[in-house]
Amino acid sequence: MKEITAKEVEQKLANGDALQIIDVREVDEVAAGKIPGITHIPLGLLEFRMNELSKTEPYIMVCRSGGRSGRATQFLADQGFDVTNMIGGMLAWEGEVH
């Protein structure tokens, strides 16, 4: 499974890189603070909403600590998507939140 640190994601965003970030946390968790510009798809709905994603786009998966996003990364990778897990999740995120 491909992995990236929260600091690397923050640096890419600061450099102006256009990243496709999918947050798989629950609604209440996302409401408490999220990375600007994310797409929110709760883990329990990912199987039903993966048709919204493109297999030609790379995605970075995010959750609270990295566990759920790791499961989401493995699931989507098994379906042929280009996905990377942000290790440490939002607990490791020091960048801007909305």
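A.B. asks: How should I be thinking about the environment of Val-9 in this particular structure?
C.D. replies: Examined against the element boundaries, Val-9 turns out to sit in helix H1 (residues 6–14). Taking relative accessible area as the criterion, Val-9 reaches 0% and is therefore assigned buried. For Val-9 and Leu-19, which are 10 residues apart along the polypeptide, the C-alpha to C-alpha distance reads 8.4 Å.

A.B. asks: How should I be thinking about the sheet that holds strand E1 (residues 2–5) in this particular structure?
C.D. replies: Two orientations exist for strands paired in a sheet by backbone hydrogen bonds: parallel and antiparallel. Read across the sheet, five strands follow the order E1-E5-E4-E2-E3 without closing on themselves; strand pairing throughout is parallel. If you trace the sheet from one side to the other, it starts and ends with E1 and strand E3 (39–40), each paired once. Pairing between strand E2 (residues 21–23) and E3: two bridges, direction parallel. Bridge pairing in E3 places Asp-23 opposite His-40. Relative to the sheet, H1 contacts E1, E2, strand E4 (58–62) and strand E5 (82–87), its axis offset from that of E1 by approximately 75°. With respect to the sheet, helix H4 (residues 67–78) is in contact with E1, E4 and E5, its orientation differing from that of E5 by roughly 170°.

Conventions used here
Residues numbered from 1 in each chain as written. Predicted model: local features only at pLDDT ≥ 70, side-chain atom pairs only at ≥ 80, totals over all residues. Heavy atoms only, no water. Helix = DSSP H or I, 4+ residues; strand = E, 2+ residues; numbered from the N terminus. Buried < 20%, exposed > 50% of the residue type's maximum accessible area, 1.4 Å probe, protein only. Pairing = 2+ DSSP bridges. Contact = heavy atoms within 4.5 Å. Axes fitted to C-alpha atoms, helices over the stretch in contact; angles between N-to-C directions.

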